[in-house]
Amino acid sequence: MQKRDVIIIGAGAAGLMCAISAGSRGKSVTVLDHANKVGKKILMSGGGRCNFTNYYTEPTNFLSENEHFCKSALSRYTQWDFISLVEKHEIPYHEKKLGQLFCDNKAKDIVNMLLDECSDVGADVRTHCSIDKVEKTDKGFLLTSSQGKWQCQSLVIATGALSIPTMGATGFGYDIARQFGLKVLPTRAGLVPFTLTPKLLEDFEGLSGTSADALVSCNGVSFRENILFTHRGLSGPSILQISSYWEPGDAVEINLFPDIDLYQTLKSVQQERPKTHINTVLAETLTKKLADRLTELWFSSYKEKPLAELSNEALQTIATQCQAWQLKPTGTEGYRTAEVTLGGVDTDEVSSKTFEAKKAPGLHFIGEVLDVTGHLGGFNFQWAWASGHACGQEL
Ligand code: FDA
């Protein structure tokens, strides 16, 4: 039987940060992970460069049934705290866009930094360790694992969520929550590409790899960034962002000309260059390939005519179709490619200060296993760092 003050299950972003935080306060800490290496999602994140935080992190960048829950931890460990840690380790980084910070070199720099910090505070990190059983005892918790039995006063669940099962993602955290009588809110894939009907896929065939700057809206929320046509459907940052707000059956509205009033532009071109065709005007903003295809698909009855021959009503129809394109996805690519999982352990069950389960003293939940999900852009890691740090300070 091995005894520790704190055992953390899950050596991902939140678990490693929690180990550093608790270890720095003199607690004996062991982190157990079933995978063959630690921080696999950190390693694969940001195209291998890890978008580790965002300059503009605010509570409004997070989705949760309780929008206030994330505030306390985010204010106690901010993006500036994580940036200081990165700078202390002399890891070169840069802002890519919109406050998103990436490593100049490799995401491995972040994992190595976390492991160095764990080692400095004496936190022991073990891989290849599967947990068979978790029991509550009068001394805390008893764990039965592939590396023997462990006893601890505080148990922290940092096993993340369901996205990318091939990377070791499991529903373990939800099972433990249920075992201790905590409510788990329904989960679904977030930050995930949309799939389309066979008809739409056929319509867009050949556009794979084409992108456009667009304002995408659904359920009262909008994001302005690129959309990307793929051979499976639609992706790109603004699609990934809106997918977290999309429910099956919803349509998304796409404005392909977010900077202009397209009707007024068409009217001006009609006056100034009356012989111009519709695809030519669209191609002044969109790629020629996309402009030609949309003209073919949507405006076939107008495509042979110069603008001079089009009525105001026709110009209005063109503008509305391009600026309020209603698209109904058939679904999403699901957990297989999703960056995050929406839903999870109900935050009402957990203290926002200590992350301890109200019904199970000594048991804590941090990171993505909780019902807190960030937007795209480094916010999910900032939540993992902040919740891990805050919990570690209270163990
Ligand atoms: P995380 O998933 O990091 O760690 C959980 C750990 O628990 C893993 O090591 C796993 O092996 C272990 N585990 C699971 N089940 C277990 C069990 N039964 N027993 C033992 N161990 C178990 N975010 C961001 O801010 N910027 C970015 O650039 C990206 N990029 C990105 C790319 C891709 C492809 C994905 C899938 C995700 C991202 N994300 C992201 C999201 C980000 O990776 C995610 O939100 C955090 O990793 C969540 O941190 P956690 O520590 O909660 O879980």
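Residues numbered from 1 in each chain as written. Predicted model: local features only at pLDDT ≥ 70, side-chain atom pairs only at ≥ 80, totals over all residues. Heavy atoms only, no water.

A. Structural context of the site of the ligand. Taken together, 30 residues are adjacent to the ligand, and Ala14, Asp33, Thr170, Glu368 and Phe381 come closest. A distance of 2.5 Å separates an oxygen atom of the ligand from a polar side-chain atom of Asp33. When isolated, the ligand has an accessible area of 1,000 Å², and the protein chains bury 93% of it. Elements represented by at least two residues in the shell around the ligand include exactly helix H1 (13-23), helix H2 (40-44) and helix H13 (379-394). Ranked by residues supplied to the shell around the ligand, first place goes to H13 with four residues. For the shell around the ligand, the class distribution of residues is 13 nonpolar, 13 polar and four charged. (Near = heavy atom within 4 Å. Polar contact = N/O pair within 3.5 Å; in protein donor to acceptor, adjacent residues only side chain to side chain. Areas by Shrake-Rupley, 256 points an atom, 1.4 Å probe, with all protein chains shown as cover. Helix = DSSP H or I, 4+ residues; strand = E, 2+ residues; numbered from the N terminus. Nonpolar A, V, L, I, M, F, W, Y, C, P; charged D, E, K, R; others polar.)

B. Structural detail: the UniProt feature "domain: RsdA/BaiN/AoA(So)-like insert" (unreviewed entry) in the chain. Feature annotation in UniProt places "domain: RsdA/BaiN/AoA(So)-like insert" (unreviewed entry) on residues 188-340, given in this structure's numbering. Helix makes up 34% of residues 188-340 and strand makes up 23%, while its end C-alpha atoms are separated by 9 Å. (UniProt positions renumbered as here; feature names shortened; annotations may be inferred.)

C. The arrangement of the UniProt feature "domain: RsdA/BaiN/AoA(So)-like Rossmann fold-like" (unreviewed entry) in the chain in detail. In the numbering adopted here, UniProt assigns the feature "domain: RsdA/BaiN/AoA(So)-like Rossmann fold-like" (unreviewed entry) to residues 5-393. Secondary structure across residues 5-393 comprises 31% helix and 26% strand; the distance between its end C-alpha atoms is 13 Å.

D. Fine view of the packing of H1 against H13. Between H1 and H13, the shortest axis-to-axis distance is 7 Å and the interhelical angle comes to 30 degrees. Handedness of the crossing formed by H1 with H13: right-handed. On H13, the residues that touch Ala13, Ala14, Met17, Cys18, Ser21 and Ala22 of H1 are Phe381, Ala384, Trp385, Gly388, His389, Cys391, Gly392 and Gln393. Its residues assigned to classes, the contact of H1 with H13 comprises nine nonpolar, five polar and no charged. (Axes fitted to C-alpha atoms, helices over the stretch in contact; angles between N-to-C directions. Left-handed = near helix turned anticlockwise from the far one by under 90°. Contact = heavy atoms within 4.5 Å.)

E. Inspection of the pattern of salt bridges at higher detail. Considering all chains together, one arrives at 18 salt bridges under this definition. Lys133 is the partner of Glu135 in a salt bridge, and the nearest nitrogen-oxygen pair spans 4.0 Å. The exposure class assigned to Lys133 is partly exposed, which follows from its relative accessible area of 44%. Because the salt bridges share partners, they merge into one network encompassing Arg4, Asp124 and Arg126. (Salt bridge = Lys/Arg side-chain N within 4 Å of Asp/Glu carboxyl O. Buried < 20%, exposed > 50% of the residue type's maximum accessible area, 1.4 Å probe, protein only.)

F. Spotlight on the nonpolar core. Counting 79 residues, the largest nonpolar core has Ile110, Phe365 and Trp385 as its most contacted members. Each residue touching Ile110, except ones within four places of it in the same chain, is listed here: Ile42, Cys50, Phe52, Phe82, Val86, Ile91, Cys103 and Trp385. Ranked by size, the runner-up nonpolar core spans 45 residues in total, among them Phe223, Val281, Leu307 and Ala314. (Core = buried A, V, L, I, M, F, W, Y, C linked by side-chain atoms within 4.5 Å.)

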